[in-house]
Structure formats: structure tokens, C-alpha cells
Amino acid sequence: MKYMHWFSSLVCAATLASPVCAAGKQPLLQEGKHALFQRVLTYPGCQLSAKAGEAGKEQPAFSRFYVYQRTTQGQDTWLQVGPDSFGHTAGWMKSSCTVDWKMQLTLAFTNPAGRHPMLFFKEKSDVESLLNSKNPAATLQPMLNSLSSHKPVPQVLAREPDYMVDQLKNFYLLPVLGSDDVFTDTGFQVRVLNVASVSEKSPAKKAASAADEKNMMKGFSASVVFVIDSTISMGPYIDRTKEAIDKIYKRIEKEHLQDQVKFGLVAFRSSVKAVPGLEYDSKMYVDPNTVKDGKDFLAKVHDLKQATVSSSKVDEDAYGGVMTALDKVDWTQFGARYVVLITDAGALDGTDKLSSTHLDAAQVRQEAAYRGVALYALHLKTSDGKKNHSSAEAQYQELTLNPFLHKPLYYPIDSGDVNSFGSMVDKLANAITGQIKTAWSGEETAGSALGASPKYAGKKEDPLLSDADKLSKAIRLAYLGEKQGTTAPPVFKSWISDRDLIDQNIPATEVRVLLTKSELSDLSDVMKKIVNAANEGMISPDDMFASLRSLAATMGNDPNQAKGKNATRLGEMGLLGEYIESLPYLSEVLSLDEETWKSWDGLEQERFIRRLNTKLNYYQRYNQDVDRWVALAPDSDPRDNVYPVPLENLP
């Protein structure tokens with residue numbers, strides 16, 4: 001669903017049920033809150049009426065409405081509701097066909113590859129008993145067998161689809177209504193979540209047959225974009241990468257895979273503002289959408305050579321190179337999407353003045369995930385860069401942490417050996433090409449949902465090939481889900497585990513916080529003030545909390561309490577707003593107290609400030625990203641559209 005450019009009007013627009021515009025009218029507040037309004041989600045079949053007690057027009061399932069009034073007629077409670085929080089009331093609906101939604105939290109399914117399918121249970125106790133079972137696999141497997149045979153399982157309302165559900169193309173809400181923590185015998189903390197779920201458009205589809213899978217895979221293609229460091233000392237690796245791509249293109253042409261596999265190349269250096277002689281920060285040499293063949297590729301990269309001058313710092317703008325590939329390539333044309341970073345240096349942090357992106361590894365990784373791109377890093381551990389090997393390794397492990405494999409796609413080349421590097425590039429390019437050929441020809445669809453055994457099962461000693469094969473299956477499940485238009489299962493109010501029911505180290509869901517424009521703006525403003533206070537606190541530790549206490553007093557979020565007057569913990573000051581403070585997660589900012597801040601040395605304080613700054617930079621990107629803002633109700637004011645912010649990006 002795209003965010004649309006609407007202009008606010010001074011005149012109330014007509015809506016489905018002749019709404020009333022009341023200037024200054026606000027929705028009801030949630031109990032005990034001073035800024036959070038009452039919200040409900042509609043169940044399928046919920047009707048919006050002009051008057052309480054009358055029949056009305058059916059609303060889309062899981063539309064979000066704000067509650068302006070409550071009244072009782074006979075045995076029924078009726079709600080006067082509006083599509084937004086700006087005084088636009090739309091009509092009345094029965095409370096019984098809605099569910100309260102106190103926190104705008106929703107979940108997204110992770111890729112189903114490599115984990116057991118998620119089950120939606122009727123009762124909380126059913127999930128807890130399975131998680132606490134001494135042998136959960138023995139309990140779960142008979143359920144999965146019955147569901148696969150289309151036999152009912154009394155405890156289970158629905159099963160997750162076989163293919164990945166693409167929330168961007170088939171937007172669905174999986175709202176969190178409540179949660180409890182369970183500490184299992186295996187030592188993991190698992191959240192048991194009360195959720196309400198229904199797909200926006202249609203019920204979940206059955207998995208395709210093997211023949212259907214084979215037909216859908218006919219259009220499967222891949223793009224591999226190499227993002228290569230082209231600074232001084234990288235000449236031999238640039239030449240060896242060209243050689244590897246030349247070889248793989250000869251294989252592609254021999255096997256008639258020119259339309260199925262495309263390669264691209266981006267080169268990066270560092271800031272030309274600091275050193276003009278570097279010529280560019282990052283540069284697209286080959287766009288995989290426009291390259292014709294191997295000869296065309298080599299012609300386009302003919303002038304690519306290492307820089308003739310040194311950068312101003314040891315670290316280079318690696319994140320800038322990756323973001324150039326992510327932003328400038330039309331990835332929608334490919335089913336399998338890869339970016340391979342090649343460098344012998346660390347990356348400029350997002351807070352570095354020379355950074356072209358002002359993003360850190362985690363944010364770049366999320367941008368790749370949004371586009372469905374898998375990130376690899378081939379780290380050349382040359383003797384010249386020995387001093388920053390460990391810091392660069394930490395950066396690239398963070399950057400390439402793959403949500404499907406639950407491990408980084410990070411591969412160091414000791415001593416920067418050119419032959420070892422060349423062998424690794426050859427293997428990776430050949431593995432991806434071989435997998436595309438296999439998928440395109442339908443060789444692995446002997447059973448449904450890509451049930452074939454791994455092609456590289458006999459090469460488990462080679463982590464790169466093993467990882468590439470496992471990742472390939474996850475990518476194909478995502479592709480099949482997109483082709484079939486797989487949607488979330490139609491379930492209402494059920495209980496799930498946020499982790500694999502057996503392998504509890506594997507997440508099954510990802511949390512998104514749905515923030516409005518004003519909430520995101522308020523969050524940015526307060527974060528800037530916290531960062532400024534923290535910078536002052538590095539000079540004088542007492543100043544930070546004194547400054548924030550003064551700020552909290554002037555904000556006056558809660559007029560009935562003297563919040564912040566004697567607070568020694570940020571969470572007690574009411575700075576971040578109830579929409580953040582009410583979330584069930586451990587906030588780094590809210591949990592920080594004055595004693596802890598003063599106990600940190602300057603380096604730890606600086607790291608805290610840098611983490612906040614990189615999140616601030618990312619909020620600006622959210623604000624400008626028109627494609628990911630979502631309207632949750634018909635005819636709602638665009639100011640109440642929401643952005644699905646990953647939980648890890650909150651302060």
C-alpha cells in the first residue's frame with residue numbers, strides 16, 4: 001500500500017457515513033493515559049452506521065478507528081468512531097465487532113526457511129504447555145502431520161503458509177493485544193503473544209503443487225552486484241573480480257542463462273570533500289538491469305582501477321557503496337538478490353562527518369532486508385590494515401547478519417591472499433549461478449515447498465557453499481510467496497510463540513511499532529535534546545540529568561504530576577511520550593539512570609551518543625520514504641498514516 005500525497009482541508013470531506021466534523025474534538029483517552037487515545041480494530045463483518053442501533057455499511061477487516069464516545073443500547077455497547085484522531089467522526093459501530101488496540105504494535109513473519117511453521121493456538125495454555133514440554137518435538141510433529149493432511153487439530157486455529165508472506169506487497173496486520181514471557185527448560189526467554197490476525201485482501205492460499213512450483217520458477221532470475229573498494233592497494237582484487245565475472249559469464253552464455261543471471265558492480269572510496277583526488281565517494285559502473293553480456297560488463301568496468309591518492313582515514317565509505325547498490329538498482333526485476341561487499345578496510349560510522357549515508361551497519365542491513373537483498377562481505381585481512389581488523393570484522397558481521405540463516409554472511413580472507421580471494425569469488429558466483437539454473441529448470445521441485453535435499457550437502461566443510469545453498473532455499477520460498485500472492489492466515493484472537501516452538505533460538509516473528517508522522521517527529525525532537533544533554537554531560541556528568549529534568553518540567557506531558565523533578569532515571573521523566581513508554585520492551589534510553597551514566601567512562605558515553613545519532617539519521621530517512629507509510633482506515637487523515645518501525649530502531 002502506498003502513501004498518497006493528500007492535502008489537509010479546512011472543510012470536512014464526505015466519508016462513508018456522513019461524518020461530523022467537530023473542531024477541536026478529540027477521541028477518548030485510554031485509562032490512566034494523558035496522550036494515548038482509545039483505538040479499536042474491526043473484525044470482518046463489522047458495520048459502520050449513521051446512528052447507534054442501526055444497520056450500516058460493512059468495513060474492511062482490521063481497519064483502525066479512534067473511539068470518540070461510548071453508549072449503551074439494550075445489551076449492546078456502541079462506539080462513536082472516526083478514522084483518525086483529528087475530530088473526524090464517521091459513525092457508530094458495535095463494540096462487540098471490534099477489539100481494543102492499546103499499543104500500535106504489529107508482527108511480521110520471518111522467512112519460514114530453516115524453522116518450524118508457526119501455529120495459531122486457541123488458548124494461551126496450549127502454547128505454554130508445548131514450550132514447557134520435555135520433548136516439544138514429539139508434541140508438535142503429530143499436529144503438523146495432521147494439518148498437512150488437512151485434518152483438524154482441536155488446539156490450533158491456523159497454520160502459517162508454506163511460503164514467505166511479503167508484508168510489503170500483501171500488507172497484513174498481526175496486532176499484538178498482549179504478551180507474557182515464558183522461560184523454557186532449554187534456557188530461552190520466549191514471548192507468548194495474544195494476537196489478532198486477518199489478511200487485508202483474501203484468505204491464505206494453499207501451497208502450490210510441485211508442478212505449480214515448477215511453472216512459477218520459470219521466471220526466476222538473479223542479480224549479483226559486487227560492491228568493491230577501489231582505494232589504493234585494491235588493484236589486484238579489482239582485477240581478480242573482473243576475471244571471476246568474465247569466467248562466470250562464459251559459463252552463463254554456454255548454458256543459455258543470460259536472461260536468468262545478471263551481474264553488476266559498484267565501486268566506492270571515501271569523501272571527495274576531504275580528498276578531491278579520490279574522484280568519487282561511490283560510483284555505479286554496471287547496472288545489472290542494463291548489462292547485456294560478459295563483453296558488455298568488461299567494457300563498462302574497463303576504466304575501473306584503484307585510486308591514485310590515499311583517503312584521509314583508514315576506514316572507507318563502505319556503507320555508501322552498499323547503499324548506492326541498494327538505492328540505484330531496480331531489484332524488483334529479480335527473484336534472487338545479492339550484494340557482495342569486497343574491502344580491506346573498515347567502514348566509516350554513521351556519525352562520521354565523512355559518511356555519505358550517516359547510517360550504521362544495522363540500518364544498512366535493514367535497508368537491504370526491505371529490498372529482499374542478501375548481503376555478503378569478503379573481508380581482506382591484509383597486513384596493512386591489521387590495526388582495524390577486529391573493528392572492521394565486528395562491523396561487517398553486524399552488516400551481513402542474515403535473518404534466514406541467523407548468522408553473518410561474513411568471510412575473512414587471511415593475509416588478503418589474492419588466490420584465496422579469487423577462489424572464494426569463483427565459488428560464490430558459480431554456486432549462485434548453479435542454484436538459479438536448478439531452480440529455473442525445476443530440478444528441485446520433486447515435492448512441494450522446495451522439498452529437495454541440498455545440492456551442496458556433501459560439501460558441508462565449505463561454509464560459503466553450505467550457507468549459499470540454505471540461503472537459496474529461503475530466497476526461493478520468498479519468491480514463490482510473492483508469485484502466488486501468499487497472505488496471512490485468516491485468524492482472530494489467538495496465541496502464538498514469537499520463536500520457533502522447537503528451536504527456540506530462532507525468531508518466528510519480527511516486531512514493528514506503527515508510528516504516526518507526529519509521533520516520529522516528536523521522537524526525533526526529544527532524541528535531539530537528549531543527545532545535546534548527553535554531549536553536555538560528557539563535560540560535566542551532573543549537567544546531563546539536570547538539563548533533562550528541566551526539559552521534562554517544561555514539556556508538561558502530565559499536568560497532574562511533577563514528573564522529572566527528582567527523577568534519576570530517564571524513564572521516570574516522561575520525555576519520550578506514552579506511545580514509547582508503554583511498549584513492552586527494554587529501552588536503552590528509558591532504562592538509563594544517573595548513577596550508570598556517571599559510572600561510564602568517556603568512550604562508553606560517546607558510544608551511547610553515537611547510537612542515538614545513527615537512529616536519528618534513520619528517522620529522517622523514514623520521514624522521506626513515501627512508499628512505506630500505510631493508511632490503517634478508509635478516509636483517514638494522512639497525518640495518521642503509520643510507518644512500521646522495527647523495534648530495534650527505537651531508543
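Refer to the preceding data block for the structure.
Structure report, in brief.

1. A look at the sheet that holds strand E19 (residues 336–343)
Phase 1: Judged by pairing direction, the sheet is mixed, and its six strands sit side by side in the order E18-E17-E16-E19-E20-E23 without closing on themselves. Looking at strand neighbours, the two that pair on one side only are strand E18 (282–286) and strand E23 (410–414), the edges of this open sheet. Between one strand axis and the next, the sheet turns by 20 degrees as a mean value, whatever way the strands run.
Phase 2: Both strand E20 (residues 374–381) and E23 contribute to a ladder of five bridges, which runs parallel. Bridge assignment links Lys381 to a residue of E23, and that residue is Asp414.

2. Focus on the packing of helix H7 (residues 361–370) against helix H15 (residues 602–624)
Phase 1: It is at 10 Å that the axes of H7 and H15 come closest, and there the two elements cross at 30 degrees. Put simply, H7 runs roughly parallel to H15. On H15, the residues that touch Gln363, Gln366 and Glu367 of H7 are Thr614, Lys615, Tyr618, Arg621 and Tyr622.
Phase 2: Here the contact of H7 with H15 is composed, by residue class, of two nonpolar, three polar and three charged.

3. Some remarks on the state of the cysteines
Phase 1: What the rule picks out here adds up to one disulfide.
Phase 2: Across the disulfide from Cys46 sits Cys97; the S-S distance is 1.9 Å. Note that Cys46 is positioned in the loop between strand E2 (39–42) and strand E3 (47–48) and Cys97 in the loop between strand E8 (91–94) and strand E9 (98–100), a separation of 51 residues in sequence. A single burial state applies to Cys46 and to Cys97, both of which are buried.

4. Digging into helix H11 (residues 517–539)
Phase 1: Under the 1.5 Å per step criterion, the end-to-end length of H11 is 34 Å for 23 residues, consistent within 8% with the ideal 33 Å.
Phase 2: Those residues of H11 that sit buried are Glu519, Leu520, Leu523, Ser524, Val526, Met527, Ile530, Val531, Ala533, Ala534 and Gly537.

5. Quick word on the pattern of salt bridges
Phase 1: The final tally for this structure, using the stated rule, is 32 salt bridges.
Phase 2: Notably, a salt bridge pairs Arg191 with Asp181, separated by 3.4 Å at the nearest N-O pair. Here the residue Arg191 occupies a position in strand E15 (residues 189–199), and Asp181 occupies one in strand E14 (residues 176–183), the gap between them amounting to 10 residues.
Phase 3: Given the relative accessible area of 38%, Asp181 is considered partly exposed.
Phase 4: Between Arg639 and Asp637 there is a salt bridge, and its shortest N-O distance comes to 3.0 Å.
Phase 5: Note on Arg639: relative accessible area 39%, which makes it partly exposed.
Phase 6: Given the relative accessible area of 8%, Asp637 is considered buried.

6. Points about the pairing of strand E5 (residues 64–73)
Phase 1: Summarising the sheet, E2 and E5 pair through three bridges and their orientation is antiparallel. Within E5, the residue paired with Arg39 across the bridge is Tyr66.
Phase 2: Bridging between E5 and strand E6 (residues 76–82) involves seven bridges; their strand directions are antiparallel. In the strand pairing of E6, Gln69 is matched with Gln80.
Phase 3: Hairpin connection, E5 to E6: the antiparallel pair is bridged by two residues, and Gly74 has positive phi, about 65 degrees.

How each quantity is defined
For every chain, the first residue of the written sequence is number 1, and numbering continues from 1 onward in sequence order. Given that the model is predicted, a residue must reach a pLDDT of at least 70 before its local features are reported, and side-chain atom pairs must reach 80 or more before they are shown or counted; all residues, however, enter totals for whole chains, interfaces and linings. As a convention, hydrogens and water are excluded, and side-chain values are obtained from all of the structure's heavy atoms. Should DSSP find at least two bridges between two strands, the strands are regarded as paired. Think of it this way: any DSSP run of H or I at least four residues long counts as a helix, any run of E at least two long counts as a strand, and we number them from the N terminus. Axis definition: a line fit to C-alpha positions, over the contact stretch in the case of helices; interaxial angles, taken between N-to-C directions, run 0 to 180 degrees. Throughout, the term roughly parallel applies to angles under 35 degrees, roughly antiparallel to angles over 145, roughly perpendicular to angles from 65 to 115, and oblique to all others. Contacts between residues were defined by any pair of non-hydrogen atoms, one from each residue, lying within 4.5 Å. Ten residue types, Ala, Val, Leu, Ile, Met, Phe, Trp, Tyr, Cys and Pro, are classed as nonpolar, four, Asp, Glu, Lys and Arg, as charged, and the remainder, Gly among them, as polar. Note on terminology: disulfide denotes any pair of cysteine sulfur atoms within 2.5 Å. Exposure is judged per residue with a 1.4 Å probe applied to protein chains only, and the accessible area is read against the type maximum: over 50% gives exposed, under 20% gives buried, and values in between give partly exposed. One less than the residue count of a helix, multiplied by 1.5 Å, gives the span that helix is expected to have. Salt-bridge detection follows one rule: a side-chain nitrogen of Lys or Arg within 4 Å of a carboxyl oxygen of Asp or Glu.

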